[in-house]
Amino acid sequence: MPNKLDSLEKILLMGPGPSMVHSSVYAAMAKDTIGHMDASFIALMDAIKEQLRALCQTRNSVTMPMSGTGSSGMETCFVNLVEPGDAVLILQNGVFGVRMADVAGRLGADVDVLEFEWGTPVITDDVAKALGKKKYAIVAVVHAETSTGVCNPVEAIGKLVKDHGALYLVDCVTSLGGIEVALDRWGVDAFYSGTQKCLSCPPGLAPISFSEAAIAKLKGRKNKVPNWYLDLTMIINYWEGNTRAYHHTAPINMNYALYQALRLILQEGTDKVFERHKDVHDRLVYGLDALGFKMYVKESCRLPMLNAVVPPPGVDEAALRKRMRQEYMIELGSGLGPLAGKIIRIGLMGETARRENVNRLLSALRECL
Ligand SMILES: Cc1ncc(COP(=O)(O)O)c(C=O)c1O
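So, here is what we can say about the structure in this document. (Residues numbered from 1 in each chain as written. Predicted model: local features only at pLDDT ≥ 70, side-chain atom pairs only at ≥ 80, totals over all residues. Heavy atoms only, no water.)

Right, let's get into the pattern of salt bridges. All told, the structure shown has 19 salt bridges when counted by the stated rule. Here D102 makes a salt bridge to R106, at a shortest N to O gap of 2.8 Å. Placement of the pair is D102 and R106 together in helix 4 (residues 95-106), with a separation of 4 residues, close to one helical turn. For R106, a relative accessible area of 68% translates into the label exposed. Of the charged contacts in the structure, one is a salt bridge between R185 and E180, with a shortest N-O distance of 3.0 Å. (Salt bridge = Lys/Arg side-chain N within 4 Å of Asp/Glu carboxyl O. Helix = DSSP H or I, 4+ residues; strand = E, 2+ residues; numbered from the N terminus. Buried < 20%, exposed > 50% of the residue type's maximum accessible area, 1.4 Å probe, protein only.)

Rendered as structure tokens:
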């Protein structure tokens, strides 16, 4: 019987994630699996918590990876913090803000959505007005909106949320490892991310972090967390303390991979890593401009790692992406929702964010056009 794995091709991943993975991360994944209660695995878990605290600039004790992709991080934050009837304000300007409202609504929250045009950032004055009209338990926003390439002003929103007295929940799935994430300085109470974007690790884990205020809300719940698998009151007993209690079998080899991916980032130095993302982004924008592409998002709020671009007039974006994949082995992303068919999403995340990759893409596009 033919082995399906033999027909997998080597693709340059320049879409919205997953991103390229360093060979040492693959090597880490291939190490022998050990037991999830083994002392050396527990030592590795503790090391991962320290690495995440360093990368997220937080002292939160509850900082660890959840088993599951970025969406499991989103669910973890909402399911542990929302109690039925809680007023939750979602600041929405893309697909992942829409998903947040869906998740919070399913938990019986009283969800209000403050909408902003896709491709533009959240306007802090509008947030201040909304917070003046009603008392919220939680305010949630996406830092790097992967569906549009917009960076939201999370630090400024954090100040408003703190004054209001709500918990601040921030999605850093696409931002973590590509631009600064400073949880304590921004006043973030619940954070989640994913491994497959700028951490350059295959999809499968979702780093999360909860502040003391968030843990106090969790401990003060009237009812049990309505999801067994993501219940932090139990999972904390596996990830913290002198004696660890089994909850579910941790994805051991994924944690090896995450440890190595975080090690690479911290060894290179976060400032250098962020500069590298900015450098390749600037090169890409310059090169695309010469080919007649237009950036969809204003320069002041553009993400370096996710570039939403409008193809030159007369160019069919789907056909272009298909050719890139079939002839040049380069994966690019399509637009989502109202942006489907209008934009191409070019990811420069983690290991993908290298000058040689930008050069390869630009010369492929030049040939095609
Ligand atoms: C901003 C953002 N939030 C959440 C998610 C969901 O992550 P996943 O697809 O890994 O479940 C994504 C995935 O693209 C994302 O970009």
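Near the ligand, the surroundings consist of 13 residues, among which T69, S71, T146, D171 and K197 are the closest. Interatomic distance of 2.4 Å between a side-chain N/O atom of T146 and an oxygen atom of the ligand. Burial of the ligand by the surrounding chains reaches 87%, relative to a free accessible area of 390 Å². Because more than half of its atoms lie within 2 Å of the grid, the ligand is assigned to the largest pocket. The set of elements that each furnish at least two residues to the shell around the ligand consists of helix 3 (70-81) and helix 4. Classifying every residue of the shell around the ligand by side-chain character gives 4 nonpolar, 6 polar and 3 charged. (Near = heavy atom within 4 Å. Polar contact = N/O pair within 3.5 Å; in protein donor to acceptor, adjacent residues only side chain to side chain. Areas by Shrake-Rupley, 256 points an atom, 1.4 Å probe, with all protein chains shown as cover. 1 Å grid on protein atoms, 1.4 Å probe; cavity = no way out; pocket = protein on both sides within 12 Å on 5 of 7 lines; lining within 4 Å. Sits in = over half its atoms within 2 Å of the grid points. Nonpolar A, V, L, I, M, F, W, Y, C, P; charged D, E, K, R; others polar.)

Relative to the helices and strands, E351 resides in the loop between strand 15 (344-347) and helix 13 (355-368). On a C-alpha basis, the gap between E351 and L199 in space is 8.2 Å, while along the polypeptide they are 152 residues apart.

With their axes 10 Å apart at the nearest point, helix 2 (residues 39-56) and helix 10 (residues 252-268) run at an angle of 40° to one another. Classed by the angle they form, the pair helix 2 and helix 10 counts as oblique. Crossing of helix 2 over helix 10 shows left-handed handedness. The segment helix 2 lies against helix 10, with F41, L44, A47, I48, Q51, L52, A54 and L55 engaging I252, N255, Y256, L258, Y259, L262, R263, I265 and L266. The residue inventory of the contact of helix 2 with helix 10, partitioned by class, reads 14 nonpolar, 2 polar and 1 charged. (Axes fitted to C-alpha atoms, helices over the stretch in contact; angles between N-to-C directions. Parallel < 35°, antiparallel > 145°, perpendicular 65-115°, else oblique. Left-handed = near helix turned anticlockwise from the far one by under 90°. Contact = heavy atoms within 4.5 Å.)

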